[in-house]
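# Summary of the model geometry
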Amino acid sequence: PDDDNKESASKRAEAVLSEANERFSSAWDEDKLNRDNHREDYRFVFEPGAQYADDVRSMRDRWKLPSLEFNQLPQFVHQVVNDQRQNRPGIRVHAAGGDASDEVADIEQGMIRGIEYASQAESVYDTGFEGAVVGGRGWWRVMKEYEPMSFDQSIYIRSIKDATQVVADNHYDAPDGHDRRFVFVLERIPKSEFLRQYPKAKPIDWDTLESGWSDGIDGSEETITIADYDRRVGEEATLVMMSDGAIGWLDDMPKPPEGIVEVATRKAERFKVEWFKIAGGQQVLEEYDCPGE
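Just so it is clear, the structure is predicted and the values come from calculations on it, not from any experiment. (Residues numbered from 1 in each chain as written. Predicted model: local features only at pLDDT ≥ 70, side-chain atom pairs only at ≥ 80, totals over all residues. Heavy atoms only, no water.)

### Topic: the side chain of Thr225
Along the polypeptide, Thr225 turns up in strand β5 (residues 223–242). Under the relative-accessibility criterion, Thr225 is labelled buried at 0%. In this structure the side chain of Thr225 is engaged in a polar contact, spanning 3.2 Å, whose partner is the side chain of Arg188. (Helix = DSSP H or I, 4+ residues; strand = E, 2+ residues; numbered from the N terminus. Buried < 20%, exposed > 50% of the residue type's maximum accessible area, 1.4 Å probe, protein only. Polar contact = N/O pair within 3.5 Å; in protein donor to acceptor, adjacent residues only side chain to side chain.)

Next up, the structure:
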């Protein structure tokens, strides 16, 4: 049985890595122009000298001409970002009817406010908004993290400082993108830290692949690129409605009280989110199921 479990886990890991490589390569190529423009916009706004094209600056240097630069853009970026600081986005909970109530909404609002406070979310939102203003896109993420010396996990909102770390499914219909099938978040860490966290893993970087995982990512031979790979997986399930009005998935419904019977069923698609941490395009380092759809 142990050998069967190991073989099953190995096949699953191979399938996940094959899917991840194919999806990443496709999304990376499709989004290359936007990603390059994002980097160029940031250089143009914040990097001294970047408002001259390289060939123009080289020509002026050869001709011993001054290359004066009076960068006016940062003040306009700060103006827009500061306007946002006066009216930051935030999560609001409203009772929508049915079993919802204002009292429950207030409780959930308080819990979310606590998460935002512990996460220093105002700074996170500002960073994401600046990315959108300067380069056309900004990201942040919601994560679970273990508390120190505890088996309890808490929810945090974390910043993604460089929007080009994120490689997401480009084929979606919803305005907010919630129907994306997958997203990658890249991170470079020192090789020594990689070996400390994953002593049984091979320190193989993405640049061993021809798919261009490490293209455009700053780093050296002493760093390793790892990626969080989240995928949204659909499956067919049976939705059931009971005579007391309760609705749920058939395999999740508790045994009904006496006198309560099924009155309707139908097939429907439900979703779950799976998270993998992968490295080298050849290794699954960690995995778990995320709550929510």
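Picking up after the structure, the text goes on.
### Structural notes on a nonpolar patch on the surface
On the surface, Met241, Ile247, Val261 and Val263 cluster together into a nonpolar patch covering about 350 Å² of accessible area. With respect to the element layout, Met241 can be found in strand β5. (Patch = residues over 30% accessible without salt bridge, like charges linked within 9 Å, V, L, I, M, F, W, Y side chains within 5 Å. Areas by Shrake-Rupley, 256 points an atom, 1.4 Å probe, with all protein chains shown as cover. Salt bridge = Lys/Arg side-chain N within 4 Å of Asp/Glu carboxyl O.)

### Regarding unusual backbone geometry
Despite not being glycine, Lys64 shows a phi value in the positive range, around 60°. Within the fold, Lys64 resides in the loop between α3 (54–62) and α4 (73–86). Its relative accessible area of 74% is what places Lys64 among the exposed residues. A positive phi angle, close to 50°, is found at Gln120, a residue other than glycine.

### Brief notes about the packing of aromatic side chains
In total, this model carries nine aromatic pairs according to the counting rule given. Their ring planes at 25° and their centres at 5.2 Å tell us that Phe24 and Trp28 sit as a pair that is stacked. Pair noted here: Phe24 and Trp28 are both in helix α1 (residues 2–30), with a separation of four residues, about one helical turn. Both residues of the pair, Phe24 and Trp28, belong to the buried class. Members of the aromatic cluster, each reached through a chain of ring pairs, are Phe24, Trp28, Phe182, Phe184, Tyr229 and Phe276. (Phe/Tyr/Trp six-rings, centres within 6.5 Å; stacked < 30°, edge-to-face > 60°.)

### Here we look at the confidence of the model for the protein
Per-residue pLDDT for the protein has a mean of 87; in total, 92% of the residues score no lower than 70. Low confidence marks residues 208–217, where pLDDT is under 50. Its contacts with residues over four positions away, or in another chain, come to 27 contacts. (pLDDT = per-residue confidence, 0-100. Contact = heavy atoms within 4.5 Å.)

### Considerations on the pairing of β5
Taken across its 20 residues, β5 has 14 buried, putting it largely inside the fold. Direction of pairing for strand β4 (residues 182–190) relative to β5: antiparallel, over a ladder of nine bridges. Opposite Arg188, over in β5, you have Thr225 as the bridge partner. Alignment of β5 against strand β7 (residues 262–279), held across 17 bridges, turns out to be antiparallel. Paired with Val233 across the strands is Lys272, a residue of β7. Bridging between β5 and strand β6 (residues 247–249) involves three bridges; their strand directions are antiparallel. Residue pairing across strands places Met241 opposite Ile247, the latter belonging to β6. Counted along the chain from β5 to the antiparallel partner β6, the turn is four residues long, and its residue Gly245 has a positive phi close to 95°. (Pairing = 2+ DSSP bridges.)

### Regarding the pairing of β4
Relative to β4, strand β3 (residues 166–168) runs antiparallel, the two sharing three bridges. In the sheet register, Val167 faces β4, and the bridge partner there is Phe184.

### Concerning the nonpolar core
Ranked by size, the top nonpolar core spans 15 residues in total, and within it Phe24, Val167, Phe184, Ala227, Tyr229 and Ile278 carry the most contacts. Going through the elements one at a time, α1, β4, β5 and β7 are the ones with two or more residues in this core. Ranked by residues supplied to this core, first place goes to α1 with six residues. One finds Phe194, Tyr198, Ala279 and Leu285 within the second-largest nonpolar core, a separate group that totals eight residues. (Core = buried A, V, L, I, M, F, W, Y, C linked by side-chain atoms within 4.5 Å.)

### So, the packing of helix α2 (residues 32–46) against α4
Where α2 contacts α4, the two axes come as close as 8 Å, and the packing angle between them is 110°. Judged on the interaxial angle alone, α4 and α2 are roughly perpendicular. Where α2 approaches α4, its residues Phe44, Val45 and Phe46 are matched on the opposing element by Leu73, Pro74 and Val77. Broken down by class, the residue content of the contact of α2 with α4 amounts to six nonpolar, no polar and no charged. (Axes fitted to C-alpha atoms, helices over the stretch in contact; angles between N-to-C directions. Parallel < 35°, antiparallel > 145°, perpendicular 65-115°, else oblique. Nonpolar A, V, L, I, M, F, W, Y, C, P; charged D, E, K, R; others polar.)

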